[in-house]
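Summary of structural features
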Amino acid sequence: MSTPTIGVLALQGDVREHLIALAAADALARPVRRPEELAEVDGLVIPGGESTTMSKLAVVFGMLEPLRERVRAGMPVYGTCAGMIMLADKILDGREDQETLGGIDMIVRRNAFGRQNESFEASVEVAGIDGGPVEGVFIRAPWVESVGAAAEVLARHDGHTVAVRQGNVLATSFHPELTGDHRVHGLFVDMVRAAQ
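Keep in mind the model is a prediction, meaning the values are calculated, not measured. Sequence order sets the numbering: in each chain, residues are counted from 1 along the sequence as written. This being a predicted model, a pLDDT of at least 70 is required before a residue's local features are given, and a value of 80 or more before pairs of side-chain atoms are given or counted; all residues contribute to the totals for chains, interfaces and linings. Derived side-chain values reflect all non-hydrogen atoms in the structure, with water molecules and hydrogen atoms excluded from consideration.

**Topic: the overall build of the chain**
Tallying secondary structure elements over the chain gives six helices and twelve strands in all. A globule of 196 residues ought to have a C-alpha radius of gyration of about 16 Å, and the chain, at 15 Å, matches this closely. Oriented by its inertia axes, the alpha-carbon framework of the chain measures out at about 40 × 40 × 35 Å. For the chain, the proportion of its 196 residues judged to be buried stands at 52%. For the chain, restricting intrachain contacts to residue pairs at least 6 apart in sequence, the fraction spanning at least 24 positions comes to 65%. Only the protein chains shown count as cover for residues, and the accessible areas themselves come from Shrake-Rupley with a 1.4 Å probe. Surface exposure of the chain reaches about 8,400 Å², of which carbon and sulfur atoms provide 46%. Counting rule applied: Lys, Arg positive; Asp, Glu negative; His and chain ends not counted. Where a charge sits is defined by one atom per residue type, namely NZ (Lys), CZ (Arg), CG (Asp) or CD (Glu). Averaged over its 18 positive side-chain charges, the chain has a centre that lies 4 Å from the centre of its 27 negative ones. A helix here means a DSSP run of H or I that spans at least four residues, while a strand means a run of E at least two residues long, and both kinds are numbered starting from the N terminus. In this treatment the radius of gyration is a C-alpha quantity, and the globule benchmark scales as 2.2 Å times the residue count to the 0.38 power. Relative accessibility under 20% of the residue-type maximum defines a buried residue, over 50% an exposed one, and the middle range a partly exposed one, all with a 1.4 Å probe and only protein chains included. Whether two residues are in contact is decided by their heavy atoms, any of which lying within 4.5 Å being enough.

**A closer look at the layout of surface pockets**
Put simply, the largest pocket is a space of about 180 Å³. Along the wall of the largest pocket there are 17 residues; nearest its centre are Gly49, Glu50, Cys81, Ile139 and Arg140. Its residues assigned to classes, the lining of the largest pocket shows six nonpolar, seven polar and four charged. Two kinds of site are reported from a 1 Å grid over the protein atoms alone, namely cavities, where a 1.4 Å probe fits but cannot get out, and pockets, open sets with protein on both sides within 12 Å along at least five of seven lines, and residues are called lining when an atom falls within 4 Å of a point. Grid points are joined across faces, edges and corners, and a volume is the space filled by probe spheres set on the points. When residues are sorted by character, Ala, Val, Leu, Ile, Met, Phe, Trp, Tyr, Cys and Pro go into the nonpolar class, Asp, Glu, Lys and Arg into the charged class, and all the rest, Gly among them, into the polar class.

**As for the pairing of strand β11 (residues 160-166)**
Buried residues dominate β11, accounting for five of its seven residues. By definition, two strands form a pair when at least two bridges between them are found by DSSP. Counting the residues in the hairpin turn of strand β10 (residues 152-157) and β11 gives two residues, including Asp158, whose phi is positive at 55°. Examined bridge by bridge, β11 and strand β12 (residues 169-172) share four bridges and lie antiparallel to one another. Among the inter-strand pairings, Arg165 is bridged to a residue of β12, identified as Leu170. Connecting β11 to the next strand, β12, in antiparallel fashion are two residues, including Gly167 with a positive phi near 60°.

**Considerations on the UniProt feature "binding site: L-glutamine" (unreviewed entry) in the chain**
UniProt positions are given in the numbering used here, feature names are shortened, and annotations may be inferred rather than shown by experiment. Summarizing the sequence annotation, UniProt attributes the feature "binding site: L-glutamine" (unreviewed entry) to Gly49, Glu50, Ser51, Arg110, Ile139 and Arg140 in the numbering used throughout. Spanning 92 residues, the named residues form one tight spatial group whose C-alpha atoms are at most 12.7 Å apart. As for the largest pocket, its lining draws on Gly49, Glu50, Ser51, Arg110, Ile139 and Arg140 from among the annotated residues. Secondary-structure assignment places Arg110 in the loop between β6 (104-109) and β7 (120-124). Accessibility expressed as a relative area gives 12% for Arg110, which makes it buried. When near neighbours in sequence (up to four residues on either side) are disregarded, Arg140 contacts Glu50, Cys81, Asn111, Gly114, Arg115, Gln116 and Ser119.

**Side note on the UniProt feature "active site" (unreviewed entry) in the chain**
Mapped onto this numbering, the UniProt entry gives "active site" (unreviewed entry) at Cys81, His175 and Glu177. A compact arrangement is adopted by the annotated residues: their sequence extent is 97 residues, whereas the largest C-alpha distance between any two is 11.2 Å. Here, the largest pocket is lined by Cys81 and His175 out of the annotated residues. Relative to the elements of secondary structure, His175 occurs in the loop between β12 and α6 (183-195). You can call His175 buried: its relative accessible area is 5%. Not counting residues within four places of it along the chain, the set of residues in contact with His175 comprises Asp14, Gly48, Thr80, Cys81, Val137 and Ile139. Any pair of nitrogen or oxygen atoms within 3.5 Å is treated as a polar contact; in protein, a donor-acceptor pairing is required on top of that, and neighbouring residues in sequence qualify only through side-chain atoms on both sides. For His175, the side chain forms a polar contact with the side chain of Glu177, separated by 2.7 Å. Mapped onto the elements, Glu177 comes out in the loop between β12 and α6.

Right, here's the structure in full:
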């Protein structure tokens, strides 16, 4: 099996944890901040953080259009929490000037599960992940209000959609990189290998 090179968008958020999880899932992981670094990776993780800040920094660093182009061209992308918001076609409760990359035909509600002090952990059954439920860490997490016909719901928590896949694009409301369980990253690494 080939070892894919997977970037982690390193503008803001929990970059280090994703680099560790990807390495544990047998990928060559590296931070990505510039268009030339984006051009060198086979796939990309967009971490959790603050989606409006990430959106603004993507513009400042000249990354917004190169990211959109790579997503449209079929590069595998995985977004967690704020990364899920970045991959949504539409956002509820976002700022008027907030930009997204798109990639998944879904409407996402920001901070849907509550504020920072309402963060929680929960076991989540994720379609395509063997070995039982994954532990989901939900921090000011979004949920998916609705998905289009092309998007596949992979997991729900408390009646709300929290994991979605559309083609080469994967998104979760929760943070698997914070748990030491690398199965979701393993699923993404397999997606990147299949796309190579």
